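Analysis of the macromolecular model
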Amino acid sequence: MEAPDYEVLSVREQLFHERIRECIISTLLFATLYILCHIFLTRFKKPAEFTTVDDEDATVNKIALELCTFTLAIALGAVLLLPFSIISNEVLLSLPRNYYIQWLNGSLIHGLWNLVFLFSNLSLIFLMPFAYFFTESEGFAGSRKGVLGRVYETVVMLMLLTLLVLGMVWVASAIVDKNKANRESLYDFWEYYLPYLYSCISFLGVLLLLVCTPLGLARMFSVTGKLLVKPRLLEDLEEQLYCSAFEEAALTRRICNPTSCWLPLDMELLHRQVLALQTQRVLLEKRRKASAWQRNLGYPLAMLCLLVLTGLSVLIVAIHILELLIDEAAMPRGMQGASLGQVSFSKLGSFGAIIQVVLIFYLMVSSVVGFYSSPLFRSLRPRWHDTAMTQIIGNCVCLLVLSSALPVFSRTLGLTRFDLLGDFGRFNWLGNFYIVFLYNAAFAGLTTLCLVKTFTAAVRAELIRAFGLDRLPLPVSGFPQASRKTQHQ
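We now turn to the structure provided with this report. (Residues numbered from 1 in each chain as written. Predicted model: local features only at pLDDT ≥ 70, side-chain atom pairs only at ≥ 80, totals over all residues. Heavy atoms only, no water.)

1. Some details on the layout of surface pockets
We count it as follows: A pocket here means an open set of points on a 1 Å grid, computed over the protein atoms alone, that has protein on both sides within 12 Å along at least five of seven lines. A cavity is instead a set of points where a 1.4 Å probe fits but cannot get out; residues with an atom within 4 Å of a point line either one. Grid points are joined across faces, edges and corners, and a volume is the space filled by probe spheres set on the points. Numbering of helices and strands runs from the N terminus, with a helix taken as a DSSP run of H or I at least four residues long and a strand as a DSSP run of E at least two residues long. Polarity classes work like this: nonpolar for Ala, Val, Leu, Ile, Met, Phe, Trp, Tyr, Cys and Pro, charged for Asp, Glu, Lys and Arg, and polar for all others, with Gly in that last group.
A volume near 710 Å³ is recorded for the largest pocket. Together, 23 residues line the largest pocket, and Phe-40, Leu-72, Val-368, Tyr-372 and Leu-399 are the ones closest to its centre. The biggest single contributor to the lining of the largest pocket is helix 9 (residues 350–373), with six residues. The residue inventory of the lining of the largest pocket, partitioned by class, reads 19 nonpolar, three polar and one charged.

2. Re the environment of Tyr-198
Secondary-structure assignment places Tyr-198 in helix 5 (residues 186–227). For the pair Tyr-198 and Val-401, spaced 203 residues apart in sequence, the C-alpha to C-alpha distance is 9.9 Å.

3. Looking at a nonpolar patch on the surface
Here is the rule we go by: To count toward a patch, a residue needs a relative accessible area above 30% and no salt bridge. Like charges then connect within 9 Å, nonpolar side chains (Val, Leu, Ile, Met, Phe, Trp, Tyr) within 5 Å. Here the accessible surface of atoms and residues is derived via Shrake-Rupley with a 1.4 Å probe, and residues count as covered only by protein chains that are part of the display. By salt bridge we mean one thing: a side-chain nitrogen of Lys or Arg within 4 Å of a carboxyl oxygen of Asp or Glu.
A cluster of nonpolar side chains, contributed by Phe-140, Leu-148, Tyr-152, Val-156, Met-157, Leu-160 and Leu-163, occupies part of the molecular surface with about 700 Å² of accessible area. Within the secondary structure, Leu-163 is located in helix 4 (residues 147–176).

4. Points about the pattern of salt bridges
Counting across every chain of the model gives one salt bridge. The salt bridge partner of Arg-19 is Glu-22, with a shortest N-O separation of 3.7 Å. Taken as a pair, Arg-19 and Glu-22 lie in helix 1 (residues 6–42) at a separation of three residues, close to a single helical turn.

5. Let's talk about the nonpolar core
Proteins that are soluble and globular tend to have nonpolar side chains buried together. Our working rule: Only buried Ala, Val, Leu, Ile, Met, Phe, Trp, Tyr and Cys residues count toward a nonpolar core, and they belong to the same one when joined by side-chain atoms within 4.5 Å. Each residue's exposure class comes from its accessible area (1.4 Å probe, protein chains only) as a fraction of the maximum for that residue type: buried when under 20%, exposed when over 50%, partly exposed otherwise.
The biggest cluster of nonpolar side chains holds 92 residues, and the ones touching the most others in it are Cys-68, Phe-371, Met-389, Phe-409 and Phe-443. The element contributing the most residues to this core is helix 2 (residues 55–94), with 16 residues.

6. Quick word on a positive patch on the surface
Filter applied, for reference: By the counting rule applied here, Lys and Arg register as positive and Asp and Glu as negative, while His and the ends of each chain are not counted. To locate a charge, the coordinates of NZ of Lys, CZ of Arg, CG of Asp or CD of Glu are taken.
Together, Arg-219, Lys-226, Arg-378 and Arg-381 make up a region of like positive charge exposed at the surface. With respect to the helices, strands and loops of the structure, Arg-378 is situated in the loop between helix 9 and helix 10 (389–404). The exposure class assigned to Arg-378 is partly exposed, which follows from its relative accessible area of 43%.

7. Side note on helix 3 (residues 106–136)
Under the convention used in this document: By definition here, a helix of n residues has an expected span of 1.5 Å times n minus one. The bend reported for a residue corresponds to the angle between axes fitted to the seven residues ending at that residue and the seven starting there.
Between the first and last C-alpha of helix 3 there are 44 Å, a value that for 31 residues agrees with the 45 Å anticipated at 1.5 Å per step. In helix 3, a bend of some 45° at Ser-123 exceeds every other bend along the element.

8. What to know about the packing of aromatic side chains
To keep it simple, the criterion reads: Note on ring pairs: Phe, Tyr and Trp rings are taken, using the six-membered ring of Trp, and paired if centres are within 6.5 Å. Classes follow the plane angle, with under 30 degrees stacked, over 60 edge-to-face and the rest tilted.
Counting across every chain of the model gives 13 aromatic pairs. Here Phe-130 and Phe-134 contribute two aromatic rings whose centre-to-centre distance is 5.4 Å and whose plane-to-plane angle is 25°, an arrangement assigned as stacked. You can see Phe-130 and its partner Phe-134 sitting in helix 3, four residues apart, about one turn around the helix. Of the two residues examined, Phe-130 and Phe-134, each falls in the buried class. Considering the side-chain rings of Phe-433 and Tyr-434, the 5.7 Å spacing of their centres and the 75° angle between planes classify their relative orientation as edge-to-face. The class of Phe-433 is partly exposed, set by a relative accessible area of 30%. On the basis of relative accessibility, which here comes to 62%, the residue Tyr-434 falls in the exposed class. Among the aromatic side chains, those forming a connected cluster through ring pairs are Phe-30, Tyr-34, Phe-70 and Phe-119.

9. A look at the environment of Asn-440
Put simply, the rule reads: A contact between two residues is defined here by any heavy atoms of the two lying within 4.5 Å. Residues adjacent in sequence count toward polar contacts only when both atoms are side-chain atoms; beyond that, a polar contact is any pair of N or O atoms within 3.5 Å, and within protein one must be able to donate a hydrogen and the other to accept it.
The residue Asn-440 is located in helix 12 (residues 433–466) in this model. Along the chain, Asn-440 and His-320 lie 120 residues apart, while their C-alpha atoms are 7.9 Å from each other. Here Asn-440 is in contact with Val-317, His-320, Ile-321, Leu-324, Thr-412 and Leu-413, once residues within four sequence places are set aside. From its side chain, Asn-440 meets the backbone oxygen of Val-436 in a polar contact 2.6 Å long.

10. Some remarks on the packing of helix 2 against helix 10
Put simply, the rule reads: A fitted line through C-alpha atoms serves as each axis, taken over the contacting stretch for helices, and the angle formed by two N-to-C directions is quoted from 0 to 180°. Here the word oblique covers every angle except those under 35 degrees (roughly parallel), over 145 (roughly antiparallel) and from 65 to 115 (roughly perpendicular). Note on convention: near helix rotated counterclockwise from far helix by under a right angle means a left-handed crossing. Clockwise means right-handed.
At their nearest, the axes of helix 2 and helix 10 sit 8 Å apart, and the two run at 20° to each other. What the angle tells us is that helix 2 and helix 10 run roughly parallel. Of the two possible hands of crossing, helix 2 and helix 10 adopt the one that is left-handed. Contact with helix 2, carried on its side by Asn-61, Ala-64, Leu-65, Cys-68, Thr-71, Leu-72, Ile-74, Ala-75, Ala-78 and Val-79, involves Met-389, Ile-392, Ile-393, Cys-396, Leu-399, Leu-400, Ser-403 and Ser-404 of helix 10 and no other residues of that element.

See the structure below:
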């Protein structure tokens, strides 16, 4: 009888303990994200949909809300994926032999990338369609009513949708690459068709980021201006308070004396307008009580930070365009093995890594602002305690598409040198020079155009008013046409 090889056993035990440790860390991270997303979604859901007389509808909405919470947690994990990897590399580079960070290694980072990719596929292809069909289903005709009948109908609809999508993917893959069209096994379905489908979805997400991010970068200045208190030279709070009080008094008079008006009044609409004006007046009172430091220092510093971050983003993209023309290594590529803690991915070291993380978060926030500011998706904007379940599902799908494309978006623009891990680097279009080059040029051009239009809008408005062009009968872009009464005067 041979003696056991204790060295092999120790290696296997060590590998087993490392896998268990990585599973525990991943579970704790996901649980934290899940709890945060659940708290966030409960602030926007419509309470009437969860406290209905019909217990069946309330149960269906609760199940759909949990699926949305799972999807939103994956979206938040995709946003944190690249910044967490960059910071982990710098930590391992600065403290290579620290005992307390031995759990932070390349295997854990690579596993997180694979998990986010897997669950993003699962959420986009199965969970979110299931949640939508589940909320809209009523059960087959003639079947017993209940949640189980809705589940049967949802599963059938989901199977039909899956067959339709897989057929479209097979046709698209056959058109793109004829040599890979003859695929019949289940292994090819998992190794080829699903990654190809996710590659198409990711490409759509990257295109959506290309449109929404420049628009959001321009909108960030106006959004920040609404949240912060401007100096007294830029706004007159006393006048705004006086106008708000005057409008509220006029609406209150209409509500108290409805017979004084010839036309029928919508009392519910008037009450909502009064509540909105009261809320606006409370916010204006808080802004008026702001300290001089907040008024004269906070707003200029915030505007300066936004200007620096936006200019730095455009500058980095412009430099990356030149690098694409000179060096082939500037092209985004995938990395199968996560070798962390060996070299910094920024020429400025840890300081440059922090700048990269800040820029990635800034562009993600700008893309979300631009997404909800665009006319096409403005109707999806969630409302506080007044968002329908189908609208929550649509928001979760859109946010997951945007966030899962963020690592590819950041690497394509050259915001970081951190190569894409796992299946994120398997997208075929990442190796196409013309697509990457045109994408960078389009981003730089659109961002510059949006910023120039935003900063020159105030100057154009003052010039138009100074020359009296706003009183002309011809419509001027961005400015309301004067009324006929004003023109005759």
